[in-house]
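# Survey of secondary and tertiary structure
So the chains spell out like this:
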Amino acid sequence: MDTKVTLSFNEEVINKAKQYAADNDISLSRLIEFLLKKVTSTDYRSLEQYPIADWVNQIAEGKAEYHTSKNRKSSKNDFFESRK
């Protein structure tokens with residue numbers, strides 16, 4: 001069963017990924033799913049340990065940026081603290 005997910009990417013990266021997917025007759029969703037399966041099917045503890053294929057380097061250039069969001073409880077506490 002497929003589940004929908006909303007992700008944010010650099011526009012240039014997404015455009016290259018879409019082109020790569022189109023050139024290889026695969027949907028962008030299946031390409032991302034394939035990559036996530038590869039990453040999660042191993043015991044690597046960080047991305048630096050993971051051997052990235054050349055074609056992935058063609059899609060994503062430059063240093064990767066990882067953005068995390070606050071959890072809901074933390075955001076709620078911040079909101080109420082700002083109201084005091």
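Use the structure listed above.
This report concerns the structure included in the present document. (Residues numbered from 1 in each chain as written. Predicted model: local features only at pLDDT ≥ 70, side-chain atom pairs only at ≥ 80, totals over all residues. Heavy atoms only, no water.)

## Overview of the overall build of the protein chain
What the protein chain contains, in helices and strands, is four helices and zero strands. Along its sequence from the N terminus, the protein chain presents helices and strands in the succession α-α-α-α. Looking at the protein chain as a whole, 8% of its 84 residues qualify as buried. Accessible surface computed for the protein chain: about 8,100 Å², of which carbon and sulfur atoms make up 51%. (Helix = DSSP H or I, 4+ residues; strand = E, 2+ residues; numbered from the N terminus. Buried < 20%, exposed > 50% of the residue type's maximum accessible area, 1.4 Å probe, protein only. Areas by Shrake-Rupley, 256 points an atom, 1.4 Å probe, with all protein chains shown as cover.)

## Considering unusual backbone geometry
The phi angle of most residues is negative, glycine excepted, and most peptide bonds adopt the trans form. One non-glycine residue, D25, lies in the positive phi region at around 55°. Mapped onto the elements, D25 comes out in the loop between α1 (11–23) and α2 (28–40).

## Brief notes about the pattern of salt bridges
The full count for this structure, using the stated rule, is three salt bridges. Two residues, E12 and K16, come together in a salt bridge whose shortest N-O distance is 3.5 Å. In this pair, E12 and K16 are both assigned in helix α1, four residues apart and thus about one turn of the helix distant. Note on K16: relative accessible area 26%, which makes it partly exposed. Put simply, R30 and E33 hold a salt bridge, and the shortest N to O gap is 2.7 Å. Pair noted here: R30 and E33 are both in helix α2, with a separation of three residues, about one helical turn. The exposure class assigned to E33 is partly exposed, which follows from its relative accessible area of 31%. Beyond isolated ion pairs, a larger network of salt bridges with shared partners links D2, R30 and E33. (Salt bridge = Lys/Arg side-chain N within 4 Å of Asp/Glu carboxyl O.)

## Side note on the environment of Q19
Along the chain, Q19 falls in helix α1. Reaching out from Q19, the side chain makes a polar contact with the side chain of D23 at a distance of 2.7 Å. (Polar contact = N/O pair within 3.5 Å; in protein donor to acceptor, adjacent residues only side chain to side chain.)

## A few points about α1
At 3.6 residues per turn, the α-helix brings residues three or four places apart onto the same side. Its 13 residues place the ends of α1 18 Å apart at the C-alpha level, agreeing with the 18 Å of an ideal helix rising 1.5 Å per residue. Along α1, the residues classified as buried are I14, A17 and A21. An end-on view of α1 places all buried positions within 60° of arc, on one side of the element. Facing away from the buried side of α1, by more than 90 degrees, are the exposed residues E11, A22 and D23. Capping the start of α1, N10 holds a side-chain oxygen 2.8 Å from the backbone nitrogen of E12, two or three residues further along. (Expected span 1.5 Å × (residues − 1). Arc of directions from axis to C-beta.)

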